[in-house]
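Given next are the chains, with one letter for each unit.
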Amino acid sequence: ANLPTANPLRPTIAGGSDMYLAKLSSSADRLLFSTYLGGSGNDDCDYGKTLAVDGAGGAYVIGISFSNNFPLGGTSVQPT
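Note that this is a predicted model, so its numbers are computed, not measured.

## Some words on the overall build of the protein
And step 1. A count of helices and strands for the protein gives 0 helices and 4 strands.
And step 2. Taking all 80 residues of the protein together, the buried fraction comes to 21%.
And step 3. On the protein, roughly 5,700 Å² of surface is accessible, and the fraction owed to carbon and sulfur atoms is 53%.

## Here we look at the side chain of Asp18
And step 1. Tracing the sequence through the fold places Asp18 in the segment before strand S1 (19-24).
And step 2. Among buried Asp, Glu, Lys and Arg side chains, Asp18 stands out as unpaired, with Arg10 the closest opposite charge at 5.0 Å.
And step 3. A distance of 2.6 Å separates a polar atom in the side chain of Asp18 from the backbone nitrogen of Ala14.
And step 4. Apart from residues no more than four positions distant in its own chain, Asp18 is found in contact with Arg10, Thr12, Ile13, Tyr36, Leu37, Gly38, Gly39 and Asp46.

## Quick look at the pattern of salt bridges
And step 1. Enumeration according to the criterion identifies 1 salt bridge in this entry.
And step 2. Here Arg30 and Asp29 are joined by a salt bridge, their closest N and O atoms 3.9 Å apart. Both residues of the pair, Arg30 and Asp29, count as exposed.

## Thoughts on the environment of Phe33
And step 1. With respect to the helices, strands and loops of the structure, Phe33 is situated in strand S2 (residues 31-37).
And step 2. Looking at Phe33, the relative accessible area reads 24%, which means it is partly exposed.
And step 3. Taking the C-alpha atoms as reference, Phe33 lies 6.9 Å from Thr5; in sequence the two are 28 residues apart.
And step 4. In this view, Phe33 contacts Ala6, Asn7, Pro8, Leu9, Leu21, Ala22 and Lys23; residues no more than four positions away in its chain are not counted.

Rules behind the numbers
- Residues numbered from 1 in each chain as written.
- Predicted model: local features only at pLDDT ≥ 70, side-chain atom pairs only at ≥ 80, totals over all residues.
- Heavy atoms only, no water.
- Helix = DSSP H or I, 4+ residues; strand = E, 2+ residues; numbered from the N terminus.
- Buried < 20%, exposed > 50% of the residue type's maximum accessible area, 1.4 Å probe, protein only.
- Areas by Shrake-Rupley, 256 points an atom, 1.4 Å probe, with all protein chains shown as cover.
- Lys, Arg positive; Asp, Glu negative; His and termini not counted.
- Salt bridge = Lys/Arg side-chain N within 4 Å of Asp/Glu carboxyl O.
- Polar contact = N/O pair within 3.5 Å; in protein donor to acceptor, adjacent residues only side chain to side chain.
- Contact = heavy atoms within 4.5 Å.

Here it is as structure tokens:
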């Protein structure tokens, strides 16, 4: 619950268990971006499993969520 955030999409944990995503500088001495990802489910319900980054720097998080209000991006494969 006390991991640092920088320009976060979600600055705090929203439910029982959320994912955490961070981007460090190339020398790993600065936190460039970090955020919690998850919905407000109270059980341990949001898990990050895999992360992929494309050539343009876009990040894709693959995981499992049982929260009914997990924040989705505009290109979600399964929006509900």
